[in-house]
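Residue-level structure breakdown
Given next are the chains, with one letter for each unit.
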Amino acid sequence: MTGITVLVVVAILAVATGLFLRSRSGAVRAVREPDTETDDLYPLLLDAGATTDSATVLHFSADWCGPCAAVRRVVQQVLDDRSDARELELDIDAHPILARELGVLSLPTTFVLDTRLQRRSRIAGVPSAAALRSALDAL
């Protein structure tokens, strides 16, 4: 009887965790950060290829990441209609320090940066085109 109870509790926890993670995947979250963090990240972002002439959609990917291709398609679809933003895709294996400083723990992870290279939005998972558009429109 105890074994069945433990099995049921573990199954309930697994389902609840899965539903929680699924609800967060692709959701755009506003980023609130102190300016001192931005000062530390600024040179790292510039070295990685970010520019201050327009907003930037920065997404981390890797060759071994399956969902990263879907993020690439969504970003391209959204940016095809816009001239006020650009894409910067970084391989997490080539930029581990920047990924660590930005707190990237899983792939795909996408950030929307303003022209001062400050993080305005963070998206874990594959965003919808509408969600990414709204994040860019909020700038």
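Everything discussed here concerns the structure shown above.
The following refers to the structure shown.

The rules behind the values
- Residues numbered from 1 in each chain as written.
- Predicted model: local features only at pLDDT ≥ 70, side-chain atom pairs only at ≥ 80, totals over all residues.
- Heavy atoms only, no water.
- Helix = DSSP H or I, 4+ residues; strand = E, 2+ residues; numbered from the N terminus.
- Expected span 1.5 Å × (residues − 1).
- Buried < 20%, exposed > 50% of the residue type's maximum accessible area, 1.4 Å probe, protein only.
- Arc of directions from axis to C-beta.
- Contact = heavy atoms within 4.5 Å.
- Core = buried A, V, L, I, M, F, W, Y, C linked by side-chain atoms within 4.5 Å.
- Pairing = 2+ DSSP bridges.

**So, helix α3 (residues 68–79)**
Its twelve residues give α3 an end-to-end C-alpha distance of 16 Å, which sits within 8% of 16 Å, the value for a rise of 1.5 Å per residue. Every buried residue of α3 is listed here: Cys68, Ala70, Val71, Val74, Val75, Val78 and Leu79. Seen end-on, α3 carries its buried residues on one side only, within an arc spanning 160°. In the core, the buried residues of α3 are packed alongside β2 (55–61), β3 (85–91), β4 (109–113) and α5 (129–137).

**A word on the nonpolar core**
Side chains that are nonpolar tend, in soluble globular proteins, to be buried together. The biggest cluster of nonpolar side chains holds 20 residues, and the ones touching the most others in it are Leu45, Leu58, Phe60, Leu98, Leu102, Val104 and Leu107. Those elements giving two or more residues to this core turn out to be α2 (35–48), β2, β3, α4 (96–102) and β4. Every residue in contact with leucine 102, bar those within four places of it in the chain, is listed here: Leu41, Leu58, Phe60, Phe111, Arg119 and Arg122. Core analysis: the second largest hydrophobic core is formed by 14 residues, Ala55, Val71, Leu132 and Ala135 among them.

**Remarks on the pairing of β2**
For β2, the tally of buried residues reaches seven of seven residues, placing the bulk of the element in the interior. Across the two faces of β2 the burial is the same, with Ala55, Val57, His59 and Ser61 and Thr56, Leu58 and Phe60 all buried. Where β2 meets β3, seven bridges bridge the pair, whose relative direction is parallel. Bridge assignment links leucine 58 to a residue of β3, and that residue is leucine 88. Of the pairings in the sheet, the one linking β2 to β4 comprises five bridges and is antiparallel in character.

**What to know about unusual backbone geometry**
In this structure, the amide linkage connecting leucine 107 to the following residue, proline 108, adopts the cis form with an omega of -5°. Tracing the chain through its elements places proline 108 in the loop between α4 and β4. The phi angle at leucine 117 is positive, at roughly 65°, despite the residue not being glycine. Structurally, leucine 117 can be placed in the loop between β4 and β5 (119–124).

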